Amino acid sequence: MLGKNNKNKKEQSANFRSKFGFLGKLGNYFNPEPQKERVLRHEDFNAAGDVFYASVSAGYKISQRIIVIILIVFLLFSLITNFNHITYDNFFYILKDFVAAADVESTNYETLSYTSNPRNFFALYRGGLTVANPSKITAFTATGRQTINSSVQFSSPCIKSSDRYFVVYDISGTTFAVYNSFARIYKEDLEYPVTGACFAQNGNMAIMTRDIDHKSIVHVYNDNFKKLFTVPSSTKYAFDVSMNSEADRLAITYFDIGMGMGRITVDVYNLSGKEVTDIVIDGEYVLSTGFISENIFAVVTDRAVHLYDKNFEDIDDYYDYGGGTVTGYRVNEYGVAVAYTVNSQNIAIAFDKSGNMLYNENIDSNIKDVDIFGEYIFFRTDSGVVRINTSSFDEQQLTSGQGDMLIYSEDTALICGDSKAEYLVFGE
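Residues numbered from 1 in each chain as written. Predicted model: local features only at pLDDT ≥ 70, side-chain atom pairs only at ≥ 80, totals over all residues. Heavy atoms only, no water.

A. Representation of the overall build of the chain in the model. When its secondary structure is counted, the chain shows 5 helices and 32 strands. Within the span of the chain, comprising 428 residues, buried residues form 44% of the whole. In the form shown here, the chain has an accessible surface area of approximately 22800 Å², with 51% of it arising from carbon and sulfur atoms. (Helix = DSSP H or I, 4+ residues; strand = E, 2+ residues; numbered from the N terminus. Buried < 20%, exposed > 50% of the residue type's maximum accessible area, 1.4 Å probe, protein only. Areas by Shrake-Rupley, 256 points an atom, 1.4 Å probe, with all protein chains shown as cover.)

B. Local environment of the pattern of salt bridges. Per the counting criterion, the structure on display carries 6 salt bridges. In this structure, D267 and K236 form a salt bridge, with 2.4 Å as the shortest nitrogen-oxygen distance. Of the two residues, D267 is situated in strand 16 (residues 263-269) and K236 in strand 14 (residues 236-243); the sequence distance between them amounts to 31 residues. The two residues D267 and K236 agree in class, both being buried. The closest approach of N and O atoms between D369 and R330, which form a salt bridge, is 3.3 Å. Remark: R330 occurs in strand 22 (residues 325-332) and D369 occurs in strand 26 (residues 369-373); sequence separation between them is 39 residues. We classify D369 as buried; its relative accessible area is 14%. Overlapping salt bridges bring together R330, D369 and D371 as one network. (Salt bridge = Lys/Arg side-chain N within 4 Å of Asp/Glu carboxyl O.)

C. Seen up close, the side chain of S216. Relative to the elements of secondary structure, S216 occurs in strand 12 (residues 214-221). Here the side chain of S216 touches K236 through a polar contact of 2.9 Å, landing on its backbone oxygen. If we skip the residues at most four places from it in the chain, S216 touches T209, R210, V231, P232, S233, K236, Y237, A238 and Y254. (Polar contact = N/O pair within 3.5 Å; in protein donor to acceptor, adjacent residues only side chain to side chain. Contact = heavy atoms within 4.5 Å.)

D. Seen up close, the confidence of the model for the chain. Here the chain shows a mean pLDDT of 84. Residues at 70 or above account for 79%. Below a pLDDT of 50 lies the segment residues 104-108, which in the model reaches 11 contacts outside its immediate sequence neighbourhood of four places, other chains included. (pLDDT = per-residue confidence, 0-100.)

E. Broad picture of the pairing of strand 9 (residues 184-189). As judged from the 5 bridges shared by strand 8 (residues 175-179) and strand 9, these two strands associate in the antiparallel manner. In the strand pairing of strand 9, F176 is matched with E188. Turn length for the strand 8-strand 9 hairpin, with the two strands adjacent in sequence and antiparallel, is 4 residues. (Pairing = 2+ DSSP bridges.)

F. Region of interest: the sheet that holds strand 22. Spatially, 22-23-24-25 is the arrangement adopted by the 4 strands of the open sheet, whose pairing is antiparallel. Each edge of the open sheet carries a strand with a single partner, namely strand 22 and strand 25 (357-363). Along the sheet, successive strands turn relative to each other by an average axial angle of 10°, direction set aside. Judged from the 6 bridges that link them, strand 24 (residues 345-352) and strand 25 form a sheet pairing that is antiparallel. Residue pairing in the sheet places N346 in a bridge with I363 of strand 25. (Axes fitted to C-alpha atoms, helices over the stretch in contact; angles between N-to-C directions.)

G. The sheet that holds strand 29 (residues 395-399), seen in detail. A sheet is described by the order of its strands in space; here 4 strands give the open sequence 26-27-28-29, paired in antiparallel fashion. At either margin of the open sheet sits one strand with a lone partner, and together these are strand 26 and strand 29. When strand polarity is set aside, the average angle formed by the axes of neighbouring strands in this sheet is 20°. Bridge count for strand 27 (residues 376-380) against strand 28 (residues 384-389) is 5 bridges, and the pairing is antiparallel. For R380, the partnering residue across the bridge sits in strand 28 and is V385.

H. Just the environment of Q396, in detail. For Q396, the location among the structural elements is in strand 29. A residue is classified by how much of its surface remains accessible, and Q396, at 28% relative accessible area, is partly exposed. A distance of 2.6 Å separates the side chain of Q396 from the side chain of R387, its partner in a polar contact.

I. Representation of the environment of T235 in the model. If you trace the backbone, T235 turns up in the loop between strand 13 (227-233) and strand 14. Classification of T235 as partly exposed rests on a relative accessible area of 39%. The spatial distance from the C-alpha of T235 to the C-alpha of D256 is 6.5 Å, given a sequence separation of 21 residues. Among all residues touching T235, those that are not within four sequence positions of it are K215, F255, D256 and I257.

J. Structural detail: the packing of aromatic side chains. All told, the structure shown has 19 aromatic pairs when counted by the stated rule. Between F239 and Y285, the aromatic rings sit 5.5 Å apart at their centres with planes inclined by 10°, giving stacked as the arrangement. Separated by 46 residues along the polypeptide, F239 in strand 14 and Y285 in the loop between strand 17 (275-281) and strand 18 (286-291) bring together distant segments of the chain. Using a relative accessible area of 26% as the deciding quantity, one classes F239 as partly exposed. Among the residues examined, Y285 registers a relative accessible area of 45% and is labelled partly exposed. Judged by centre distance (6.4 Å) and plane angle (70°), the rings of Y319 and F351 are edge-to-face. Residue Y319 is located in strand 21 (residues 319-320), and its partner F351 is located in strand 24; the two are separated by 32 residues in the primary sequence. Both residues of the pair, Y319 and F351, belong to the buried class. (Phe/Tyr/Trp six-rings, centres within 6.5 Å; stacked < 30°, edge-to-face > 60°.)

Right, dumping it as structure tokens:
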């Protein structure tokens, strides 16, 4: 009886294909009966078990074919919608950027050399170093290989970097340019000077400028450099900007002349450019702001450290410097670090990404700069760099020349001078 039913189904399937052509063949492609028949021919179970396992096998086979069709449709859709971006140059850029990004970290070298200039500006990018001065942009990979050495014309260049790109802009000019590991991939000329920039981890970018009708404008771009939205202000001067890692919050620090009474505010916007809240900073000057985690926003001023939760409410009483003078500060994804002097004492404080205090101690040396990386806090002094483990309070000091301090890892610091960067490697 079973053989007779299978024979009838074969005849029906053949008649269907003959009658409906392509549609018939497509229907047969998703028909589970042929797979059942193949199982029934090769298995030697009893009739009931045979049919059951044949049905399961046919189900898996049809699921596999459906996934293949979905993949083909997705690939065709992607090719059609991105056809204009499929060029030889883009394939070439992807390949070269992949090779450059694949360089592994290495500290087998002691220094990196670049064009000597007292106005060099430095930033870390993908474990390597980028250098910008009024005439040249230079980039090194994590292994010390130079991948960019481009001539430019800047007056006062600055660099902001992320894991994907770095942007170079001129605070005295109107141009900004975005680079990956080996080449410039985007450039834009604005009507007025670029006064600041920042990145989110996904590659979204914010650029601060102004125009004839507004005291400040912040343009927000996606990772393909398409403008998402613009935040203009007719009465407030923007002087700092930051985005969280998810790129769904933008914080702009303004000097608000308002009703003739100057004050500083931090206005927070969502991804559509709508203001969701603001923070008023009375009687203090903001030095730096940043999202140290998805739940904590930090504001470092000349008088105190303020920490806010994800709703931008104070999470604790702010930390006051007691009238001290700030000598160094850093806000990054690891937390907040501030150094200051008060009553002839050098004091350093640090908070982790959860807002908990990591460190609050007197330091014997004069502190020129401070940074935080994981559970370590770093100080640049007159004679070199000091590293302190905030858990064990173990302290190490290495002698170096003078320059800007960048923290490469928990055990490596860079001192970037006018013409070379010196690597300082701490022991375990």
